[in-house]
Each structure stands twice: as structure tokens, then as C-alpha cells.
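Listed here are the chains, written in short residue letters.
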Amino acid sequence: MKENYPLVIIGAGPAGLAAATVAADHGVEVALLDEQPAPGGQIFRGIEAAPDERADKLGPEYLRGEKLVSAFRNSSARYYPDTKVWSLSEQRDIGVIHQQQAHMISAEQVLIANGAFERPVPFPGWTLPGVMNAGAGQILFKGSGIVPADGVVLAGSGPLLLLLAWQYLRAGVRVKAVLDTISRGNYIKALPKLPSALLVHHHITQGLRYQQTLRLAGVELHNGIRDLQAHGAESLESISYRHKGSNHTLETDSLMIHFGIIPNIHLSQAAGCDHFWHKRQQCWRPELDEWGSSSVKGILIAGDGGGIGGARTAEHAGRIAAFRVLYNLGVMNQQEMHLEAKQDRKWMKADLRIRPFLEKLFRIPESMLRVPHDDTIVCRCEEVTAREIRAAIADGHSDSNQVKFYTRCGMGPCQGRQCSQAVAHIVADQTSIPLQQSTQFRIRPPLKPLTLGQLASLYPDETE
Amino acid sequence: MKTDVIIIGGGLMGSSTALQLAMRGMHCTIVEKESPGRHASGVNAGGLRQLNRNPAEIPLTVEAAKMWRNIESLVDSDCDARFPGQLRVAENSDDLDLLEQRAALLHSLGYRHEEMIGRKELYQLAPALAPHCVGALICREDGYARPFHALTAFRHKARSLGVEYRVNTIVDGIEREAGNWRITTRKGEFQAPVLVNCAGGWAGQIAASLGEPVPLKPAAPMLMVTERLPHFIEPVIGSASRKLSFKQMQNGTLLVGGAHLASLDFHKEKSEIKWPKLAVSARSIMALFPQLKDVRIVRVWAGIEAFMPDNLPVICKSSTAEDAYHAFGFSAHGFQLSPLIGRILAELIVDGTSNFPIEPFNITRF
Amino acid sequence: MFKRLDESPPSTVTVVINGRSVVVPQGESVAAAVLAENIGHTRTTPVKQQPRAPFCMMGVCFDCLMVIDGIPNQQACMVQVRDGMRIERQHGSGV
Ligand SMILES: Cc1cc2nc3c(=O)[nH]c(=O)nc-3n(C[C@H](O)[C@H](O)[C@H](O)COP(=O)(O)OP(=O)(O)OC[C@H]3O[C@@H](n4cnc5c(N)ncnc54)[C@H](O)[C@@H]3O)c2cc1C
Ligand SMILES: Cc1cc2nc3c(=O)[nH]c(=O)nc-3n(C[C@H](O)[C@H](O)[C@H](O)COP(=O)(O)OP(=O)(O)OC[C@H]3O[C@@H](n4cnc5c(N)ncnc54)[C@H](O)[C@@H]3O)c2cc1C
Ligand code: FES
């Protein structure tokens, strides 16, 4: 690994792969860093290694990734798998762990393409073994061909939930129930957002058509469920929920939950980029211009890390950002940049037309985000409950960071990734300060596990 | 609004002062530009250290240590304080010489709280230490507490005695009018006969507006904390020749400091971690505890603190303005002193003089 | 409970999970290998000693911490299996 590159890209999902390929094809020396062992990001995880039968079960959208990855493999971009980025400064110093060795490198331009993760929504019992994110279930499937043994329940909301149910069905997994938190009201609010033709043909809403397939296969499918709870002593034994005014219980040892995905903004926050609360997507995202440039010079963001747009939009955004980088590095003039980006802009615009519809349809009920049950563990690491957080707020600790100092919520190893959203919602709810005006947890590096030994190996010439 | 005393800054110094004044029956209003404990008082290392203080501070630190032992009687909470001792470890004979000189100096001043211990006792107290160390200077009464909890306890107690906190309220203007201080903020005006400057890193600005500028330098010392580990060490470990302060907290995490500074954009209140310096800290730990090589760092941060050129605080009545007082410039070791600072200021304000030798901390020394 | 689909992995390695030798496909994560073994929880928490298992599988939640080759607090979902690797449930802060 060199000490300096004209362009460093963080993340080898659709956005990073597309950007790296474009930049490399224009003769720029680019290093693509990704913590996974192989390229593909979240959606195309394991794409190079998955046996054909598994890839087939995962569906046609998964196979799209092959093209993207092979174009990247054929380019001159330098690829560093198993490489974690643990810090990023405003001056574009990049802390990296590559093959267990810590490095500090720098770049003239940095493209953050680190994607999204599943929105954590605390509910009673969500920490029990046997309860897992649906995306995690899908990772097990994509990466290892591992599926629930029998009678899995899927609950929550979002395209991924239905997709996974469909993928499980194709793999012969018995799906006991799909419990969707979206209500009829969401449908009614969402439908005007969209010409129906798009609804039928768009790759993401295919999931809605899967509903029918699921019903035909005899899967119990309920919309508008509330008050989801997981029960069990050492691990999951059953779940309960409310539907149409009555309580229901289901026995199961496997619950896959999903509440949409949110941008992974720890790197952009660490670098000091400006962020804002996006009401429709119910998450924070970085302020970006039409090229993906952030508020910090030389730092661009593309893909879901810049706001949820899905895999195809990520790919286009990656290329658009790459053209901007080529301009910033003096490889292209302004006219060329605009011309080159034109096609991707057009495709991206078309692909994004579905978003307002999805955002309305799959909107998570605010009542769930506020963590209604006091006994619910909000901070999985430090095991802080909603009650403790509310008590801290009542005691005058009136923003997220004060709550963190006082309760240790967000101070554990996940660094608040799993609780920051819920804490922000609870604070907003208790203090009546709207989310868009609230403060988030301050981001503290290292963003990925860095050991004392690894840190000690850096800057060997530095003395007290 | 009117009150007896306006205190600028809701950190520990401001809160402790308000508490002591309230105990003497005065009505205090604390004006805090962010939230109590947002700066140094909430994010410091929590070290309760008498060890290795400047001789001028010794009478104060010794009294403050007594107060910490009994802190519950003051603020109704033990602030999670522990007293397993603090050590300065010697790794060679040069280190030993240095520590012995220090011990001799202290003894010549008539104090006994710091003493030398040999290799054998060192390894009884800290068996996890690498085997090459040769001895240490120890203060057995030292320890640590949890800063944000301490601050919260002070704040609770102060409020229960009628102290008012005005948070998210920046003091923009200070004027003296007919024997009264008039403090302007965007959230209204405050008036009181007495003004106290406990504005931490910003106290220089307040002093300047009172006509007595000081060479205060705001800077941001860094700290790092690791994941939880099974308990393996009791005392706080420092070193004779390294910038290091190392302790295992109540919950098993390791807290590592060493007064290395982050780069600070004071105006934006933004600090950027200086990894080269933390790498040095990490090497110091590797030298003393090589078994910790695979331990993961969970968080690194820096907090804004006021540093004076001589690393001694300013604690005094204003030399230019009537009924104005200062307590700032604690140069990264004010946490331990904080319970006493409130008492000293209350004495100055109520009695006109303090029982403690505070001449070295006068603002006129610069 | 999990199961493996009926696929024939191209190559395998042998790891030791809580003292038991297990043959697993090369290249998969420790968390996947452990979940396929259905060992129940993979760690207990340091604060309230509660059982936990991998939750996100993508390095975000830190609920998959295990003792791998004697070193505690390893993220099982981010580490690939290696031949001869010893994988153990982690109790609390890592003893
Ligand atoms: C678990 C999960 C499953 C999903 N499954 C589907 C699906 O089946 N179908 C679908 O249409 N959409 C799916 N999505 C959404 C889809 O992943 C995204 O829309 C798309 O992948 C976005 O592409 P991207 O390039 O922005 O980011 P990603 O594809 O997420 O790629 C980001 C990459 O960055 C890497 N990375 C992140 N942080 C660091 C760091 N600090 N250091 C080094 N590397 C880092 C990650 O390992 C990852 O490889 C899923 C999302 C998630 C979270
Ligand atoms: C990283 C670090 C580690 C440390 N470790 C230790 C240790 O182990 N042991 C020890 O004894 N000491 C330690 N210290 C030092 C100790 O924390 C400080 O000396 C002490 O907290 C100072 O308290 P304070 O109230 O003066 O300052 P602060 O806590 O900074 O409070 C000052 C307050 O004034 C407010 N303010 C400023 N200007 C205005 C204005 N114009 N209007 C309204 N409000 C204003 C600020 O917002 C701030 O909250 C450490 C300090 C740091 C930064
Ligand atoms: S399962 Fe979430 S970090 Fe490994």
C-alpha cells in the first residue's frame, strides 16, 4: 500500500466499483479499499464465489452484479480487500488496517462509497439470540448458503423483507409468517406518488408482486401489525404482535426483522461533512451537491452512504462522482465532465422516480421509532433501557450527547451505531425539540477496531 | 432578571462555586453557553491526583483530597470515586533519581502524601506491569471518579439549594452599572452585584473584557478508552519519563491519557486527533503492559481546557473590577481541585478573604 | 436454528468450535460457521450477562464478539475461517 493516491475510494459496492472503474479507465491511479474479502458490497455480496444454484435462487437482480465486478476486475484500479478504514480527517488522512497492519495514507480526492446498514429499531426482545436483521439473514444466504432450518418469521417493513421471504421460498425454506408494519393508510398515501406502470416494472417493487407468490405458497401475510415483541429465556421461543385490534402469538426460533436501511454516515461525520435530517427517509444524510461533493473539500460521497437510492442509483452516482473527481484532478474539463455524466444522470433520474413512493409506503411508524416500551434495551452494548434514557432526559440531560455521557448509551464497542437513532427519537419526543434541530452523538474514531498494538506501530519516528 | 451572583460557565468550577455560595445563603445564576459538562468538566479523565503537583498547589490539593473522600456528604453522591492510589513508575535508575528528588522536595516541605516504594511493593500493587520496572513514587490516597457523574451530582445539589442554570445561553456583553453587573445574552439580561468567571477555555475572553487580559491558551488534551477487560490492575499508573496516565475504570475499560494535545480550531470548537501523538501513548503502554497489544481502542476524543504559561490556575478577586472573581486556567488538572475551588471563591466573595494560600494564583502575576 | 443448503462447497477447512472439530466451507465468516452449528448464544454481555448472537452480520452491531485463537472481542462476522482456528463463546468482557 502506498502512502498517497490521487483517488481513494472506500467501499466496493456498486457505487465504489463503478467509480473505480471509470477513474482507472481514465488513467487515474485509484485505490479501492473494502473490509470485505471480495467485491460486491451488500447487494452483490459473494457474487464471485456463490455457486450457480444459489445465485439463481437469489434472483436476476443479484446476477447483475457479475458485470459490474468483472468490469472492475478488468480495470487497472488497485483493489485492497480485507481493508478497514478506521479514520478519515478533513485533510483526507485515511487510517487503514490492511492485513492486520495499521497504515495512515492520504489522498487528493476521497470518495466515500460505504453504503448503508439496516435501521436499528429497538423493541422488546430484539437482543435475543434467534432475532436477527433480515439483511443479516440474507448475508448468510448469499455468502454461505445458510438459511433458517424451519418456520422463520419475517417482520418489519421494506422491500428487502419481501425479497428475502421470496428468496427463502425459492430455496425451499418454510416461512411461517411475514408481518408487515405498513398499514393500508401507507398504501393510500403512497399510490398517487407513482404511475402504476412503473410500479409493475421497477426492480425494487417486484417485491410487492412477491406478496402474491408468498400468499400462493400459503405464507401467512399480515399488514399493519403493531407492538412486535420477541420472547424467550436463553434464545427466541415465540413472538407476539397486535393485528386488527387483537393480540397474536407465534412460536418460532427464528425472527428476521427489517425496518429499511439508513446511510452509514460515521465516516462522513468523522471527516466533518455537514449532515441533515431527511424527513421522508427518516434518517440523517450528508449534504451533497449534484456531483456528490460534500461540504468538505476533496471528499465526495456516492451510493447509499449519501442517501438511500438503491443499488442501481448507487452505480450511477458512483460514476457521476468519478467524473467530478476526474475534473477536480484536471483529467477532464468542465464540458467533458458534463457530457460524460449525462447518460448516468438520465438513468439515475429514472431509477429514483420510485423513491417517493417507497418512502411513503415503507415509512416506519413514528410510534415504533420512539421506543414505546420502557423496558426495551436501546443500547445493545451497554444494555441501557428506554426507561433509563427517559429518566436522564427528565433529569435535564436534554440532548443525545448528554444522555450518552450520563447513561453510557452509545459508549460501547458499536460506538452508537445501533442506538443513536433511537436515542435521537426519544430525545425529540421528550423535549419536543424537532429531530432536524437536534444534535447527534459526536463521532469518535477509531471507526473500526484498532488495537493498541496496531496504533503503537504507526509513526515509528514520533517521540514525546 | 436579578440575582446575587452571576457565574459564567456551568462546568465543575462554576457549579462548585454556586453550590458553596448557595450553602451560604446566596442566590446564584449560572449562565452556560452550551450544557453543563459539555467541555472539560464532562470529558476529562477523572483523575483524583495529588501526586506530582506544583508545590504551590499542594495545600489546595491536599484539602481537595479530603473533600473527595467525603464527597457524598457534600453532593449526596459518591461520584463513583475510588482511591486505589496513583503511581509514577521508574523504569531505570535515571527515573529513580528523578522520583527520589521529588520525594525529598515534598518531605522538605513537610508533606508525607507522596512516598517512594521499591520494586517488590510495586509488583504487589501492580503485578500486571512489565518486569523491568525498578520502583515508583506513590500517593496512596489518590484515585479517580467519573467526571460527568460528579458534575451531575454537583449540579443536582446546587439546584436543590436554589441555584439556577441558564443553559444554551452565551454571555455576549458585560457591563458595570451603579454597583451592578449587567450581563447581556441573546436570551435576555441578567443583573447581580457579583460576577464570577468560570468560563474554562473561554475565561481569557471574559478577563479581557474586565480589562485584565491573561496569556491563557485554550488547548485540547486527548484521551482514549478501550473495550472492557477483566479487572487486572487497581492503581492509576503514570510514568517518571513518559507522558502517560493509565487506569482501569470501574467498568473494566482502560482510560489512557498523557496530556498529548489534539490540534484545535478554537473558534469552531473543533479538534482533530493527532494520531502520531497517540501512537506514542500506545507505545508507552506497550512498554509497560505488552500483554495489552490486542486490546481494541473504542473511542478517542479531546476536550477543551484552559492552559496558563506556568500551568497554574488563576484563582482570585479581579484586580481591575469591583466584585468580580476568577477561577480558571486549571491546565488539565482542575478536576481534583474542583470541590475546594468553590469553597475558596465563596470565602472570597462572602468573607473577603480565603483561608487557603492562593497568592500564587493571582491574576496579576502575568 | 439454521441449516446449510444442499450445495457442495468447493473446498473446506476444519475449525474447532467450543472444543468440537467442525468442517466448514473455506472463505465463510466465523459467525456463519458458528450459526450453522446452532450453538445457541455466541457470547454473554459484560454488563448483565445476557446471551447474544450475531445480529447484523456486517460489522456494525458488535454482538458477535467471540474468542478466536485465544484473543477475545473478535467480530466473528468480520473474520474468515482458517484451518485449525479455535473459536470459543465469549463470556462477558472476554475471559
Ligand atoms: C444487509 C443488506 C442487504 C441488502 N440486500 C439488498 C438486496 O438484496 N437487493 C437490493 O436491491 N438491495 C439490497 N440492499 C441495499 C443495497 O445494498 C444498496 O442499495 C446498495 O448495495 C448500495 O450500494 P453502495 O455501493 O452504496 O454500498 P454497499 O453495496 O453497501 O457497499 C459498501 C461497501 O463499503 C464497505 N465499507 C463500509 N464501511 C467501510 C469501512 N469503514 N472500511 C472499509 N470498507 C467499508 C462495505 O464492506 C461494503 O462492501 C441491501 C442492504 C443491506 C444493508
Ligand atoms: C481531556 C482532559 C482530561 C483531563 N483530565 C483530568 C484529570 O484526570 N484530573 C484532573 O484533575 N483534571 C483533569 N482535567 C482538567 C479538568 O477537566 C478541568 O481543569 C476542569 O474540568 C475545569 O473546569 P471548568 O469548570 O473551569 O471548565 P469547563 O468544564 O470547560 O467549564 C467552562 C464552561 O464555561 C462555558 N462558557 C465559556 N464561555 C462562556 C460564555 N461566554 N458564556 C456562557 N458560558 C461560557 C463553557 O461552555 C463551559 O461549559 C482534564 C481536562 C481535559 C480536557
Ligand atoms: S454480527 Fe453485527 S458486528 Fe458481527
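Residues numbered from 1 in each chain as written. Chains lettered and ligands numbered in written order. Predicted model: local features only at pLDDT ≥ 70, side-chain atom pairs only at ≥ 80, totals over all residues. Heavy atoms only, no water.

## A short note on the overall build of chain C
Phase 1: Looking only at helices and strands, chain C features one helix and nine strands.
Phase 2: When the elements of chain C are put in sequence order from the N terminus, they spell out β-β-β-α-β-β-β-β-β-β.
Phase 3: Relative to a compact globule of 95 residues, whose C-alpha radius of gyration would be 12 Å, chain C shows 13 Å and is just as compact.
Phase 4: The principal-axis extents of the C-alpha atoms in chain C amount to approximately 40 × 25 × 20 Å.
Phase 5: The long-range fraction of contacts in chain C, counting pairs at least 24 apart against all pairs at least 6 apart in sequence, stands at 41%.
Phase 6: Of the roughly 3,800 Å² of accessible surface on chain C, a fraction of 49% belongs to carbon and sulfur atoms.
Phase 7: A distance of 9 Å separates the average location of the 9 positive side-chain charges in chain C from that of its 8 negative side-chain charges. (Helix = DSSP H or I, 4+ residues; strand = E, 2+ residues; numbered from the N terminus. Rg over C-alpha atoms; globule rule 2.2 N^0.38 Å. Contact = heavy atoms within 4.5 Å. Areas by Shrake-Rupley, 256 points an atom, 1.4 Å probe, with all protein chains shown as cover. Lys, Arg positive; Asp, Glu negative; His and termini not counted. Charge placed at Lys NZ, Arg CZ, Asp CG, Glu CD.)

## Some points on the side chain of Glu212 of chain B
Residue and element names in this part refer to chain B.
Phase 1: Mapped onto the elements, Glu212 comes out in the loop between α8 (203–209) and β13 (217–228).
Phase 2: Although buried, Glu212 forms no salt bridge, and the nearest oppositely charged side chain, Lys317, lies 9.3 Å from it.
Phase 3: Polar contacts involving the side chain of Glu212 include one to the side chain of Ser319, which spans 2.6 Å.
Phase 4: A distance of 3.4 Å separates polar atoms of two side chains, one belonging to Glu212 and the other to Thr320.
Phase 5: In this structure, Glu212 is in contact with Ala207, Ser318, Ser319, Thr320, His326 and Ile363, ignoring residues within four places of it in sequence. (Buried < 20%, exposed > 50% of the residue type's maximum accessible area, 1.4 Å probe, protein only. Salt bridge = Lys/Arg side-chain N within 4 Å of Asp/Glu carboxyl O. Polar contact = N/O pair within 3.5 Å; in protein donor to acceptor, adjacent residues only side chain to side chain.)

## Considerations on the domain arrangement of chain A
Residue and element names in this part refer to chain A.
Phase 1: Examined at the domain level, chain A breaks down into domain 1 (4–117 + 262–332), domain 2 (120–259) and domain 3 (371–464).
Phase 2: Between the C-alpha centres of domain 2 and domain 3 there is a distance of 28 Å.
Phase 3: Across the boundary between the two partners, domain 2 contributes eight residues, which contact nine residues of domain 3.
Phase 4: Contact between domain 2 and domain 3 buries roughly 790 Å² in total, counting both sides, with carbon and sulfur atoms accounting for 61%.
Phase 5: Where domain 2 touches domain 3, the interface holds zero salt bridges.
Phase 6: In this assembly, domain 2 and domain 3 are joined by four residue pairs in polar contact (both at pLDDT 80 or more).
Phase 7: Counted by class, the side of domain 2 that touches domain 3 contains five nonpolar, two polar and one charged residues. (Domains from an automatic or database assignment. Buried area = accessible area lost by both parts, 1.4 Å probe. Nonpolar A, V, L, I, M, F, W, Y, C, P; charged D, E, K, R; others polar.)

## Description of unusual backbone geometry
Phase 1: The omega angle of the peptide bond from Pro445 of chain A to Pro446 of chain A is -5°, so this bond is cis rather than trans.
Phase 2: Looking at the secondary structure, you find Pro446 of chain A in the loop between α16 (420–431) and β23 (450–451).
Phase 3: You will see that Lys244 of chain A, though not glycine, has its phi angle at about 50°, which is positive.
Phase 4: Within the element layout of this structure, Lys244 of chain A appears in the loop between β14 (238–243) and β15 (246–251).
Phase 5: Looking at Lys244 of chain A, the relative accessible area reads 75%, which means it is exposed.
Phase 6: Residue Gln49 of chain C is not a glycine yet carries a positive backbone phi of 55°.
Phase 7: Following the sequence through the fold, Gln49 of chain C ends up in the loop between β4 (43–44) and β5 (51–52).

## A word on the interface of chain B and chain C
Phase 1: Chain B puts six residues into the contact, and the matching count from chain C is seven residues.
Phase 2: Buried area between chain B and chain C, both sides added, is near 570 Å², and the carbon and sulfur share of it is 60%.
Phase 3: Summed over the shared surface of chain B and chain C, the number is zero salt bridges.
Phase 4: Linking chain B to chain C there are one residue pair in polar contact (both at pLDDT 80 or more).
Phase 5: Tallied by class, the residues present in the side of chain B that touches chain C amount to two nonpolar, no polar and four charged.

## Some words on the sheet that holds strand β8 (residues 131–133) of chain A
Residues and elements named next belong to chain A.
Phase 1: One open sheet accounts for five strands, arranged β8-β16-β10-β11-β12; its pairing is parallel. Because the sheet does not close on itself, it has two edges, and the strands there are β8 and β12 (220–222). Between one strand and the next, the sheet's axes are offset by a mean angle of 15°, whatever the strand orientation.
Phase 2: Note that β8 and strand β16 (residues 255–259) share three bridges and pair parallel. Bridge pairing links Met132 to Met256 in β16. (Pairing = 2+ DSSP bridges. Axes fitted to C-alpha atoms, helices over the stretch in contact; angles between N-to-C directions.)

## Some points on the site of ligand 2
All names here are of chain B.
Phase 1: Around ligand 2 there are 34 residues in total, and Glu32, Ser41, Gly47, Glu305 and Gln336 lie nearest to it.
Phase 2: Contacts to ligand 2 include Glu305, whose side-chain N or O atom sits 2.6 Å from an oxygen atom.
Phase 3: One of the backbone nitrogen or oxygen atoms of Phe335 is found 2.9 Å away from an oxygen atom of ligand 2.
Phase 4: Protein contacts shield 96% of the accessible area of ligand 2, which totals 1,000 Å² for the unbound molecule.
Phase 5: Going through the elements one at a time, α1 (12–23), α2 (40–43) and β13 are the ones with two or more residues in the shell around ligand 2.
Phase 6: When residues of the shell around ligand 2 are assigned to domains, at least three fall in each of domain 1 (5–67 + 147–215 + 309–365) and domain 2 (86–140 + 217–307). (Near = heavy atom within 4 Å.)

## Regarding the environment of Glu141 of chain B
Residue and element names in this part refer to chain B.
Phase 1: As for its position among the elements, Glu141 is in the loop between β6 (135–139) and β7 (143–144).
Phase 2: Residue classification places Glu141 among the partly exposed positions, given a relative accessible area of 37%.
Phase 3: Once residues lying within four places of it in the same chain are set aside, the contact partners of Glu141 are Gln50, Arg69, Phe83 and His113.

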